[in-house]
Amino acid sequence: MRLSVLSPLLLLPLFVLSLLQTPTFAIKKSYIVYLGEHSHGLQPTSADLDHATNSHYELLGSLVGSPEIAKEKIFYSYTRSINGFAAVLEEEEAAEIAKHPDVVSVFPNKGRELHTTHSWDFMRLERDGIIPYESLWKKARFGKDVIIGSLDTGVWPESKSFRDDGMGPIPSRWRGSCHDHSVNGVRCNRKLIGARYFNKGYAAYAGKLNETFNTARDNEGHGSHTLSTAGGRFVPGANVFGFGNGTAKGGSPSARVAAYKVCWPHINGSGSCFDADVLSGFDYAIHDGVDVISVSLGGEPSDFFDDGLAIGSFHAAKKGISVIASAGNSGPTPSTVSNLAPWMITIGASTLDREFVSYVELGNKKHYLRGSSMARVTLSPRKSYPLISAEHANAANATASDSILCQPGTLDPEKVKGKILVCLRGKNARMDKGKQALLAGAVGMILANDKASGNEIIGDPHVLPATHLNFTDGATVFAYINSTKNPTAYISPAKTELGLKPSPFMASFSSRGPNLIEPSILKPDITAPGVNIIAAFTEAISPSDDDSDKHRITFTTMSGTSMSCPHVSGVVGLLKSLHPHWSPAAIKSAIMTSARTRDNTGKPMVDSDNKIATPFDYGAGHLRPNRAMYPGLVYDLTTDDYLNFLCARGYNQTMIRQFSDKPYTCPKSYSLADFNYPSITVPNLSGSTTVTRKVKNVGSPGTYKARVRSPAGVRVSVNPSTLTFKKICEEKKFEVTFESKSNKQPANYTFGQLIWSDVYLGEHNHGLQPTLADLDHATNSHYELLGSLVGSPEIAKEKIFYSYTRCINGFAAILEEEEAAEVAKHPDVVSVFPNKGRKLQTTRSWDFMGLERDGVIPSDSLWKMSSFGKDVIIGNLDTGVWPESKSFSDENMGPIPSRWRGSCQDHSVNGVRCNRKLIGARYFNKGLAAIVGAKLNDTYETARDHEGHGSHTLSTAGGSFVPGANVFGNGNGTAKGGSPNARVVAYKVCWPPINGNQCSDADIMAGFDYAISDGVDVLSASLGAFPMEFSDDSISIGAFHAVRNGISVVASAGNSGPAPGSVSNVSPWMFTVGASTLDREFISYVELGNQKQLRGSSLASVTLSPKKSYPLISAEDANAANASPSDSILCQPGTLDPQKVKGKILVCLRGVNDRIDKGRQALLAGAVGMILANDNTSGNEVLADPHLLPATHLNFTDGAAVFAYINSTKNPTAYISPVNTELGTKPAPFMASFSSRGPNAIEPSILKPDVTAPGVNIIAAYTEAVSPSEDVSDKRRTPFITMSGTSMSCPHVSGIVGLLKSLHPDWSPAAIKSAIMTSARKRDNTGKPMVDSNNKRATPFDYGAGHVRPNQAMNPGLVYDLTIDDYLNFLCARGYNQGLISGFSDKPYACPKSYSLADFNYPSITVPNLSGSTTVTRKVKNVGSPGTYKARVKSPAGVKVSVNPSTLTFIKIGEEKIFTVTFEPKSNIKQPANYTFGQLIWSDGQHYVRSPLVVNHKQLV
């Protein structure tokens, strides 16, 4: 035992000192002597209690002289459930008693710290005040008659949270009382059924206490806050100074509550809650009959038998009582988490989606910074005040490093008075900083986060106008002060905002793992809301805890793991009520295994620094109460399991016996790896490790399949991987084996997950031509599946709005998160993912690509060879179609191909009428309706295109020849699609934007399902979102099923460039297309007053008076009174001052709002013209838009010249010339800045995009439902328009794919993709390598394999082909397990034992982490004449590349040959720091089959 080892070391110095000085008293401290457990049960008689007390006196008396002396020393006898006592002892006495055979342990009476309601709405127990029928609240009757005890600072009984109106009699099992000896004591009722106080441990440190300490009344507020959060009643109109107004309530509103006051005012940094009092609180709580104990306090991590909380909670757990404890507020430092015993539930803290917002406006008007506050006082409206950093306001006797923290006594009032003071977070309390600022004479305070606190900002009820800024914004304030002579600022009044994103994120203060005491147990267990929590408060003090503050409030906000802990306590109370037979371990398991790890944007949770959070931050994830009520399976634990755990920890037989009510022998072999905890931690993996777990079925019978996401560098296998349960409470064991993948492992912990799961379902088995009976059977199977989980097929029918019954097997439904999680467990379900919103991504092209030459089509053009794509069927997922466009004329077209199974589905009055060209049109809007949450009106019942995007993309892919097409007379010529003789089909899945989303996943999946069934040959999808895992991506899933059926799917790369890693639609079975320019521009010049002429681009239909100069003004100088120059320079709505703008040419900066909208704002402000100047990111990319006023778009360099001219000229003037079309511009193509870039964020070994194609200023068909500017006041209509985006480049490739489908109907989608990729070019029309919009050399991350060349693609010589099995092997290599793979395969599919992504037969070759030598395998198929091909390699920098064999001879068509490519770092040179690029060309002298080589050197040493 720890003290018996340390005590001789303590005695020796005392002995030496006694020889040198006059004798001193031995050091006395209070200790807890722990003896284990009583044998008298939960209902002891008075004789039992007396016997226990006397036994303590006898034991201690045998060592200190007599029972009488012992009686003086002992101040607590734990006589009810816990066996032991607390006494004031000398260190020598403590050491001596520790040796006694009946003593389990002796440890100091340590002081502990307290760990300091929209929450329930955020966690889905209610919805905007409405409680759904499936809510755990209703199922558990709001926790009726569960008894929740709280160890804290007591209770304020007068709070409405503890009123008892309408409550029935106190449960007969309650054995507690209201123990309060003060004059103004706590009076209990039918809600607050118990209150006790424990102060003897505190008195042992503080000395004798006066009578004011003899009460359970809460004089600090912490205990009332936590107890009401756990079990408070419904209290309408709760708010804090008017903020956050709503109905306050606890997690178990109908529970009974009991307060055990164990915490008191702080003593000299020794804490406020002493172990002796805490242990006594546990002892009484267990005896009294509580069901749940909530403990929002803790200290430093310590061994379980030196830890009063661990000991108390062990005894509670033995009696079936759940103990929930806070993780601590020492984050974000690793290994700070406390309350680590596995029998406790340990809670971290994270944010809500609510903030109390108060803005800082700096004097430079360039920054409007968002902060958080609940200050009840405000500054004079819109008045700026002097601003000073507390660092510069230090008192004469204080250092700047202390004063910047606004610590007491560090500020100089002469420097502070009348100013807003900026304080740095840290050391003293946040509200204390405001108090110090006020005392020094500040009119307001800005509290700036330190780096560790990151983005975590907290709304406190400050005593002066104040707001709390995150680290980045705080740094902005300090930078402004340091760069400004007379800095000023204004702090706006606070207001409540809901629905914030992202949330939750981890609070920086929340203590982190790993577990310092037992690393094999993950702690914390879970996270819950703990920031800005509104709950009951004491009226004994002010919210600022300042004596001069006379305000009293009944509710307040607090933040800390103290606040997250009682949230879980309340939920545990609900589960106790719903499942009274469940053990504390089963309840913990249900809560942990149902938790979520994603925020309300669908992305992984982050910490306060925006870094992805890990289980060391949040444990199993964020609490989801509704999901926890039906977890399916639980990991249960008994007291014997906990005793075995202690055995494995090395506790001896004697110690173990004291915890057991019967003799207990440790197992001969018991491993911590077999302890049945719901989380699995392997703290030291070396070679192979196997852990054992056991799950108990607490749901309906069923079969569960294991799904694993392996930690990085680890191979994980589960045996068995399927568990079948026939009855409730049946238990099954399984093993999880962890094996290191290679010798070079990650340097630290890595994380993964294991899911046992009983909606996307995979693929139907009824084929491509299902009968009506097949479709009905599929639909009914969806109702049955969902109905089994939500109550009935009828309820399921109400929830499902799409059944995918044709080719894709699945459904889309409106579900609670908990229901979605339940569906995900079903053994027939492959995956469940949210119905996310996606965005649309937006003809000289064909001449530029060589299909024609100045309007003449050469005999060797792919157009002629493929009969212009005759009778190929191209489907388009987009905004529908304008059927009256001449691009969809069916003149001279023959009958519709007999294989077509689609139709023209349109229920509107002015619906779409199909013909022999436009052979199909369908619309899908139920996913949109689900996002909107309301029924859509009749105008949505149509496939007609009211936005123009769908008509533009569909006509680019397959539009007919239309002579005389132009845009306001510009670009005149014959419009046509890539496959002019193709049949086209419109699948309308995109609608007007709602919160930035236009195309819902549910609608997209439905579009894919119908398109495959209808019989299309090519699918064009100019839409997307951020890159995501293939199994969670509707476009990837839909495309997979299309490719299975021989349909090529072409998709846009996205418009999030030039940021690296932004490319979307990254699955290898899709064809992903970037965007680049044409050699045509619509030119409009700017002539400045200094005679300088600048070349811009425009399609404005109006012009200025010829050669007349007009006054010129920068929008930065034209800001309205209420707008900052940083907003007005962007010409955003409402930011311009008409008096400054009227009659002038306005210069706007590109960014934030649309380009055409900037012109609209300029016109509304009275401008006669607009110059749109690129920002640095957009570089040389200028776009021709149909502006409402004379306007032109300049590149970055020329835009900078305009701004420089304005700033250097007293009366600047300019002129904008009319638009003129210019052809043959050079260089072309170059990459569009908006085009999304690689590398592939999901699978770096697959290069994306695949190719680039024209996507800038593309002329194609348009809707006549809206004007080209989309402005209601704009009455212009045009049948053709220019658009720019990867949305425009995508259908160019779709059209080319259609031509190749027509020419080579036997080629697979992979072969067609290979032909296009390996024939692409990397050089522009000057013969030099392609560049980006900043004139920097472009790379394969910009253009993939290069720019498409249709004519070369028709005869590529060799192709890299792929089958469906190849794609399934790819998924295997990605770590997809058998269950997930089977959902993509129409037959059982076993993953190969060894398959490397390096051998996936993609036309490009990427080595994402080259270290040592890497060999990849490829296979090429001859699709041309017989011949011999030789390999030519241009090696990436720093890499030696060899090809084996380097010569391939083909004798016949269809013959395949395998070769390998070996990459080896060059040893004699310094390696590049990042990716480098090269190429491999196979050539027979006639064909050139080129593959990009991409190598990442990041891992090289």
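Residues numbered from 1 in each chain as written. Predicted model: local features only at pLDDT ≥ 70, side-chain atom pairs only at ≥ 80, totals over all residues. Heavy atoms only, no water.

Here strand β45 (residues 1018-1021) shows two buried faces, one formed by V1018 and S1020 and the other by L1019 and A1021. The pairing of strand β38 (residues 873-878) with β45 spans four bridges and is classified as parallel. Among the inter-strand pairings, G875 is bridged to a residue of β45, identified as L1019. Examined bridge by bridge, β45 and strand β47 (residues 1048-1052) share four bridges and lie parallel to one another. Residue pairing for β47: S1020 is matched across the bridge by V1050. (Buried < 20%, exposed > 50% of the residue type's maximum accessible area, 1.4 Å probe, protein only. Helix = DSSP H or I, 4+ residues; strand = E, 2+ residues; numbered from the N terminus. Pairing = 2+ DSSP bridges.)

Moving on: the packing of helix α15 (residues 561-578) against helix α16 (residues 584-593). Between α15 and α16, the least distance of the axes is 11 Å, while the angle of their chain directions is 115°. Considering only the axes of α15 and α16, their crossing is right-handed. Within the contact between the two elements, α15 uses V568, V571, V572, L575 and K576 and α16 uses P584, I587 and I591. Here the residues of the contact of α15 with α16 sort into seven nonpolar, no polar and one charged. (Axes fitted to C-alpha atoms, helices over the stretch in contact; angles between N-to-C directions. Left-handed = near helix turned anticlockwise from the far one by under 90°. Contact = heavy atoms within 4.5 Å. Nonpolar A, V, L, I, M, F, W, Y, C, P; charged D, E, K, R; others polar.)

Further remarks concern the sheet that holds strand β28 (residues 688-697). Taken together, the four strands give an open sheet; going across it, the order is β27-β28-β32-β30, and neighbouring strands pair in antiparallel fashion. Taken across any chain shown, the strands that pair with only one partner, and hence form the sheet edges, are β27 (633-634) and β30 (714-719). By the bridge criterion, six bridges tie β30 to strand β32 (residues 731-740) in an arrangement that is antiparallel. Following the sheet pairing, R715 is matched in β32 by E739.

By the definition in use, this model includes 38 salt bridges. Across the salt bridge formed by R899 and D1017, the nearest N and O atoms sit 2.5 Å from each other. Here the residue R899 occupies a position in the loop between β38 and β39 (918-923), and D1017 occupies one in the loop between α28 (1001-1014) and β45, the gap between them amounting to 118 residues. Classification of R899 as partly exposed rests on a relative accessible area of 36%. Exposure remark for D1017: the relative accessible area of 17% places this residue in the buried category. Linked by salt bridges that have partners in common, E355, R370, K495 and E497 make up one network. (Salt bridge = Lys/Arg side-chain N within 4 Å of Asp/Glu carboxyl O.)

Look at the link from K501 to P502: it is a cis peptide, with omega at -5°. Here P502 is to be found in the loop between β23 (495-498) and β24 (526-529). Residue C406 is not a glycine yet carries a positive backbone phi of 55°. As for its position among the elements, C406 is in the loop between α11 (400-403) and α12 (413-416). C406 gets classed as buried once you look at its relative accessible area, which sits at 0%. The backbone of C1131 shows a phi angle near 55°, a positive value even though the residue is not glycine. With respect to the element layout, C1131 can be found in the loop between α30 (1125-1128) and α31 (1138-1141).

Ranked by size, the top nonpolar core spans 92 residues in total, and within it W1069, V1293 and I1316 carry the most contacts. Beyond its immediate chain neighbours, meaning those up to four positions away, V1293 contacts V1050, F1071, V1073, V1251, A1253, I1316 and V1348. Judged by nonpolar contacts, the second largest core, of 63 residues, contains A310, A325, L643 and L646. (Core = buried A, V, L, I, M, F, W, Y, C linked by side-chain atoms within 4.5 Å.)

On to the sheet that holds strand β15 (residues 345-350), then. Reading across the sheet, the seven strands line up as β7-β10-β6-β12-β14-β15-β24 and stay open at both edges, with parallel pairing between neighbours. Only two strands of the sheet have a single partner each, and these edge strands are β7 (192-197) and β24. Direction aside, neighbouring strands of the sheet carry axes that sit 25° apart on average. With six bridges joining them, strand β6 (residues 147-152) and strand β10 (residues 256-261) adopt parallel strand pairing. Paired with I147 across the two strands is R256, which belongs to β10. Packed onto the sheet, helix α8 (residues 222-231) meets β6, β7 and β10 and runs at close to 155° relative to β6.

Before going further, it helps to examine the state of the cysteines. Scanning the model with the defined rule gives eight disulfides in all. Disulfide pairing is shown between C263 and C273; the S-S distance is 2.1 Å. Measuring handedness by torsion sign, the sulfur bridge of C263 and C273 sits at about 115° and is right-handed. You can see C263 sitting in the loop between β10 and β11 (273-274) and its partner C273 sitting in strand β11, a full 10 residues away along the chain. Under the relative-accessibility criterion, C263 is labelled buried at 0%. A disulfide-free cysteine, C565 has its sulfur positioned 12 Å from the sulfur of C263, the nearest such atom. We classify C565 as buried; its relative accessible area is 0%. (Disulfide = S-S within 2.5 Å.)

Judged by how many residues are buried, strand β19 (residues 420-424) sits mostly within the fold: four of five residues are covered. Strand direction decides the pairing type here: strand β18 (residues 385-389) and β19, joined by three bridges, are parallel. Note on β19: the bridge partner recorded for I388 is L421. Across five bridges, β19 lies against strand β20 (residues 444-448) in parallel orientation. For L421, the partnering residue across the bridge sits in β20 and is M445. Taking the sense of rotation as the criterion, the β-α-β connection linking β19, helix α13 (residues 430-439) and β20 turns out right-handed. (Right-handed = clockwise from strand over helix to strand, strands pointing away.)

Attention now goes to the side chain of S350. Assignment of secondary structure puts S350 in strand β15. Taking the relative accessible area as the measure of exposure, S350 reaches 0% and is therefore buried. At 2.9 Å, the side chain of S350 forms a polar contact with the side chain of T527. With residues near it in sequence (within four places) discarded, S350 still touches P504, F505, M506, A507, T527, A528, P529, G530, V531, M605 and H622. (Polar contact = N/O pair within 3.5 Å; in protein donor to acceptor, adjacent residues only side chain to side chain.)

With that settled, consider the confidence of the model for the protein. Residues at a pLDDT of 70 or more form 93% of the protein, whose mean pLDDT is 87. Mean pLDDT values over the elements of the protein span from 22, in helix α1 (residues 2-20), up to 98, in strand β60 (residues 1358-1359). Under a pLDDT of 50 for its full length, residues 1-26 has, in the predicted model, 17 contacts with residues more than four places off or in other chains. (pLDDT = per-residue confidence, 0-100.)

Between helix α29 (residues 1034-1044) and helix α38 (residues 1364-1373), the least distance of the axes is 10 Å, while the angle of their chain directions is 150°. As summarised for this structure, α29 and α38 are arranged roughly antiparallel, according to the angle between their axes. On α38, the residues touching F1040, V1043 and R1044 of α29 are I1364, Y1367, L1368 and L1371. Among the residues making up the contact of α29 with α38, the classes are represented as six nonpolar, no polar and one charged. (Parallel < 35°, antiparallel > 145°, perpendicular 65-115°, else oblique.)

Attention shifts here to helix α35 (residues 1309-1318). With respect to burial, α35 is a largely interior element, 10 of its 10 residues being buried. Residues P1309, A1310, A1311, I1312, K1313, S1314, A1315, I1316, M1317 and T1318 constitute the buried set of α35.

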